[in-house]
Protein chains: 4
Amino acid sequence: MEPNTRAPWREKLHTIIFEADTRAGQWFDIGLLVAILLSVGAICLETVPSIEKEYGPTLVLIEWVCTILFTIEYVLRLVSVRRPWKYALSFYGIIDLISFLPSYIAPWFGSAKSFAVVRAFRLLRVFRIMKLFHMTRESEVLATAVWRARSKIVVFLTVVLITVTIAGTAMYEVERIGSAEVTSQFTSIPQSIYWAVVTMTTVGYGDVVPKTALGKLVSALVILIGYSLIIVPTGFVSAELVDAKRTQNVSNQTCPYCMAEGHLKDATYCRRCGKPL
Amino acid sequence: MEPNTRAPWREKLHTIIFEADTRAGQWFDIGLLVAILLSVGAICLETVPSIEKEYGPTLVLIEWVCTILFTIEYVLRLVSVRRPWKYALSFYGIIDLISFLPSYIAPWFGSAKSFAVVRAFRLLRVFRIMKLFHMTRESEVLATAVWRARSKIVVFLTVVLITVTIAGTAMYEVERIGSAEVTSQFTSIPQSIYWAVVTMTTVGYGDVVPKTALGKLVSALVILIGYSLIIVPTGFVSAELVDAKRTQNVSNQTCPYCMAEGHLKDATYCRRCGKPL
Amino acid sequence: MEPNTRAPWREKLHTIIFEADTRAGQWFDIGLLVAILLSVGAICLETVPSIEKEYGPTLVLIEWVCTILFTIEYVLRLVSVRRPWKYALSFYGIIDLISFLPSYIAPWFGSAKSFAVVRAFRLLRVFRIMKLFHMTRESEVLATAVWRARSKIVVFLTVVLITVTIAGTAMYEVERIGSAEVTSQFTSIPQSIYWAVVTMTTVGYGDVVPKTALGKLVSALVILIGYSLIIVPTGFVSAELVDAKRTQNVSNQTCPYCMAEGHLKDATYCRRCGKPL
Amino acid sequence: MEPNTRAPWREKLHTIIFEADTRAGQWFDIGLLVAILLSVGAICLETVPSIEKEYGPTLVLIEWVCTILFTIEYVLRLVSVRRPWKYALSFYGIIDLISFLPSYIAPWFGSAKSFAVVRAFRLLRVFRIMKLFHMTRESEVLATAVWRARSKIVVFLTVVLITVTIAGTAMYEVERIGSAEVTSQFTSIPQSIYWAVVTMTTVGYGDVVPKTALGKLVSALVILIGYSLIIVPTGFVSAELVDAKRTQNVSNQTCPYCMAEGHLKDATYCRRCGKPL
């Protein structure tokens, strides 16, 4: 299909569905947002026995109406887009597909409530609607800060996983030694590692706790070590965001002679070619 | 009412009630602070059965004395202010009104203890008294830092709400699979979302915990993902406050001779070319 | 007592007890540190029934030896110091006094184990010994950062206390409404405020948790609001410490002409009098 | 052994085992990573009764295969290295040794499952393999930031330990006073210190909680104090990382003409006077 020979209604459809700068496009996005929230709300409430008993049919109806709307929307997106396959295989294309497909398949697997997780993924489509609220730039600053700190986060997570395993194993042994009188809740090393994750992240459910004196001592040490460890990632993101703020001090002037960029705001000469800015 | 024809006692009343730079105004604010704290303390203690039994009438008396004082104060504020309606409909005007109104209405609704929440809102009036302690500037710096980070916080909360919903749904499904032997505490998706909020914010009550091995594994993953996620907002506010601090010490003066910027606020000569600023 | 007529042994004693730059002074500090830790350890272990049964007399002996040592030390400090009263009424003077006095008084009040808290305060003396490890400068940077953020912290604590009271009152009312079937753990408003503090600081014991659906919803909201609120103080201290680091960029040069200080490290002219540095 | 007379196969072996820039060296590292993770996984799963029952022999086999591989690897490292003793006594040399030695010794001590902690230490070898993923620089930045904040962290931990002891002792006394009706969970001061650590780090298991009204009040105060205290270390690392970032982009070049400093690293002309740097 040649770009210039596309039917005008397709162009218009594309603008409504994919952009948010026309009145129609904005209404489309708001409608979509409502449909997503309604359908996810229905999925959630369906699992509450008392609500399901009373409003069950209504919730099923909402779910089906939204499913059909999402199906129509998906077909319209496929039609209006220039390269349907590229869209279908893109991140949002797949999210769009699994936001209605499981509802058709679920009844064949016994229960209409199946695939709740997969169906909840349709919430990810909300991110696309964010452009409506001029939030795109904010999201980008955040995403960039997290992305630039990614290799530090990987190193950090490796450190955490190793610490958690060693701490879990240590507690398993320690609690076994003193558990002649009391029953240890550290029944296995995986259970102890679960405890270590819950403890070091300061979640602290309390479903697995040390019962012996030695176990409590080791536990207090693990908490303090873990605490010192876990404060580190906050530093990363802070540093990245502070840096992002400071680079706002770099002007967006371009040297008229050598086209160099990235000058400090108070620079009077090009730092590249030495000519006045 | 013409501005210049206002009675002098009204001007004086206005100064005492709304300002804190006269001796009388300061005493008024201190008295108000004491009355607010006393009355809120009375409301709280009234709900403790053992205290209510012994000091019940005293607490009711305190509450009624404060209510009448607040009523008189409200009338005085209405009288002393230039535009009574504007004040009555302002944020503090409404707070002032609901700090005594519910006490009069409550008895009609059966119990004198009703509307405790609404009555607790009178605590917000404490913020107005802060000007007494020269805290206004501090509050403003804080409020500005939070305000400037607002759209980042909205984006962040959206991400959190979506993550929490998907994580909750996932745990609901995971715990159902393995709950043949043990009774799952993830009885519905809303309950699971409650668990996800409690877990990802590292509150971790422990009233809802995974019982199955797979549930514990997914739980540990959710904790680690949630942890990485939740550290982000600290970064925002840090970055904003660091920025607020930096721009504080540097003036926006430019040297008229060499155009250098970034001088300290107390500089009188250019730090670059030595000419007077 | 004239400054120049003090006995030399007093001067020497003063150097040993109050300074850490002589060999004898260092040994004195190390001995003191050991005595403090030993005696606090003894106080703690005395309360464990099984240890008390077996090692009781030994622990009492350690406590008494340390008490006598602290008494002698206190007398020596009084003797060696120029103005005994000024020392006796200073912060460390009082701490030194209450580190041995309660041990003499306790037996008169029935139990030798009384005043455990007061006796634990002797741990504060450890801070004085820090100068031994060249930690004084670090302590000061920290203390300064916290001190400079003090009024922000006061504002923040006020906000927290008000939020906690309103959130606690709200939960008390909400849980009462739905507690027809289940017994609410929010028995009174003070109990609910305790819950709000435990929840908003993400401690989350789990001894008081919402039982009703509405309670869980409000609880999740309170957690999210509280979480957004509580991240703020981290920002303060970060900002202060970042600022402390940056001001290391200010040179300690003094203008030879006007004695002005606080020039940026890259300044070539005095920002005060314009003469070259 | 003279450096120049080493056999070429030894040089090659050294390159494969200790470096990651040849194809063979990369495969060696990946193989090692797989063996470490497999063997630690086996150790963990062996302690789960249901898994041990079914796959016990397989897990023992995996453990033994990995042990023999680690033994061979250790011998090869000893052979390929120039100074075997220096390697054997280095940090990684010891880690390498204890990654297989306990497996040979354990059966003599009754159970093959003994020394699980010691064996889990082999996970630390993962850090060596990090060079494979170009993570070394990131680790160094992190390690440097933590290292530079070390004396602040020591001061902080001292403050925490002292606060935790005093808070624990206080709660022990407070809960004893009011525990006429209810049984206090603060059975001894060490138990109370364990509570204080769990509380102040916001872990909050909930296995030890105050039962009396006064205990809850003191607890809320301890939480708020502890919270204000514990936010400090985040500030350290943030400040260090922010500083590390800032000094990265600015060169320490000085303009030879106007002495201006603080040029960006890629500047070739002075941003102040326009002369070449």
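All values reported here derive from a predicted model rather than from experimental measurement.

Another aspect to go through is the overall build of chain A. The helix and strand inventory of chain A stands at 13 helices and zero strands. Reading chain A from its N end, one meets helices and strands in the order α-α-α-α-α-α-α-α-α-α-α-α-α. Among the 277 residues that make up chain A, the fraction classed as buried is 51%. Partitioning the intrachain contacts of chain A with sequence separation of at least 6 by distance along the chain shows that 55% fall at a separation of at least 24. Accessible area for chain A stands at about 13,400 Å²; split by element, carbon and sulfur atoms hold 67% of it.

Bringing the environment of B:Trp9 into the picture now. All names here are of chain B. Looking at the element boundaries, Trp9 is found in helix 1 (residues 8-18). The class of Trp9 is exposed, set by a relative accessible area of 52%. Remark: the alpha-carbon pair of Trp9 and Ile51, spanning 42 residues in sequence, is separated by 44 Å.

In this section: helix 11 (residues 189-200) of chain D. Residues and elements named next belong to chain D. Compared with an ideal rise of 1.5 Å per residue, which puts 12 residues at 16 Å, helix 11 spans 16 Å between its outermost C-alpha atoms and is within 8% of the ideal. The element helix 11 is extensively covered by neighbouring structure, given that 11 of its 12 residues are classed as buried. Looking at the residues trailing helix 11, positive phi occurs at Thr202, about 65°.

Moving on, we come to the side chain of D:Gln191. Secondary-structure assignment places D:Gln191 in helix 11. With residues up to four places along the chain from it excluded, the contact list for D:Gln191 reads A:Lys216, D:Gln185, D:Phe186 and D:Val208.

Residue and element names in this part refer to chain A. Taken as a whole, this structure holds 24 aromatic pairs over all chains when the rule is applied. Here the aromatic rings of Phe91 and Tyr92 are separated by 5.3 Å at their centres, their planes lie at 65°, and the arrangement is edge-to-face. Its relative accessible area of 53% is what places Phe91 among the exposed residues. Accessibility expressed as a relative area gives 26% for Tyr92, which makes it partly exposed. Ring centres 6.2 Å apart and planes at 80° place the aromatic pair Phe100 and Tyr104 in the edge-to-face group. Accessibility expressed as a relative area gives 6% for Phe100, which makes it buried. Ring pairing ties together the aromatic residues Trp64, Tyr74, Tyr87, Phe100 and Tyr104, which thus form one cluster. One residue, Arg125, lies across the ring of Phe70, its end atom 4.9 Å from the ring centre.

Let's shift gears to a nonpolar patch on the surface. Residues and elements named next belong to chain A. On the surface, a cluster of nonpolar side chains totalling about 1,100 Å² of accessible area is made up of Val60, Leu61, Trp64, Val65, Ile68, Leu69, Ile72, Leu76, Leu101, Tyr104, Ile105 and Trp108. Only helix 3 (49-80) and helix 6 (101-105) provide two or more residues apiece to the nonpolar patch. Examining the composition of the nonpolar patch, we find that eight residues originate from one element, helix 3, more than from any other. Counting through the fold element by element, Leu76 comes out in helix 3.

Within the UniProt annotation, "transmembrane region" (unreviewed entry) is assigned to residues 27-49, 55-76, 88-109, 153-172, 192-210 and 217-239 of chain A. From the first C-alpha to the last, residues 192-210 of chain A spans 10 Å; its make-up is 47% helix and 0% strand.

We now examine the state of the cysteines. Counted by the stated rule, this structure contains zero disulfides over all chains. With no disulfide of its own, B:Cys66 has B:Cys44 as its nearest cysteine by sulfur position, at a separation of 13 Å.

What follows deals with the pattern of salt bridges. Residues and elements named next belong to chain D. By the definition in use, this model includes 22 salt bridges over all chains. Residue Glu73 is joined to Arg77 by a salt bridge in which the shortest nitrogen-to-oxygen separation is 2.7 Å. Here Glu73 pairs with Arg77, and both are found in helix 3 (residues 49-80), just four residues apart, close to one helical turn. Note on Arg77: relative accessible area 1%, which makes it buried.

Interaxial distance between helix 2 (residues 23-46) of chain C and helix 11 of chain D falls to 6 Å at its minimum, and their mutual angle equals 105°. In terms of their interaxial angle, helix 2 of chain C and helix 11 of chain D are classed as roughly perpendicular. Together, C:Ile43, C:Cys44 and C:Leu45 of helix 2 of chain C and D:Ile189, D:Pro190 and D:Ile193 of helix 11 of chain D make up the contact between the two elements.

Rules used in this analysis
Residues numbered from 1 in each chain as written. Chains lettered and ligands numbered in written order. Predicted model: local features only at pLDDT ≥ 70, side-chain atom pairs only at ≥ 80, totals over all residues. Heavy atoms only, no water. Helix = DSSP H or I, 4+ residues; strand = E, 2+ residues; numbered from the N terminus. Buried < 20%, exposed > 50% of the residue type's maximum accessible area, 1.4 Å probe, protein only. Contact = heavy atoms within 4.5 Å. Areas by Shrake-Rupley, 256 points an atom, 1.4 Å probe, with all protein chains shown as cover. Expected span 1.5 Å × (residues − 1). Phe/Tyr/Trp six-rings, centres within 6.5 Å; stacked < 30°, edge-to-face > 60°. Lys NZ or Arg CZ within 6 Å of the ring centre and 35° of its normal. Patch = residues over 30% accessible without salt bridge, like charges linked within 9 Å, V, L, I, M, F, W, Y side chains within 5 Å. Salt bridge = Lys/Arg side-chain N within 4 Å of Asp/Glu carboxyl O. UniProt positions renumbered as here; feature names shortened; annotations may be inferred. Disulfide = S-S within 2.5 Å. Axes fitted to C-alpha atoms, helices over the stretch in contact; angles between N-to-C directions. Parallel < 35°, antiparallel > 145°, perpendicular 65-115°, else oblique.

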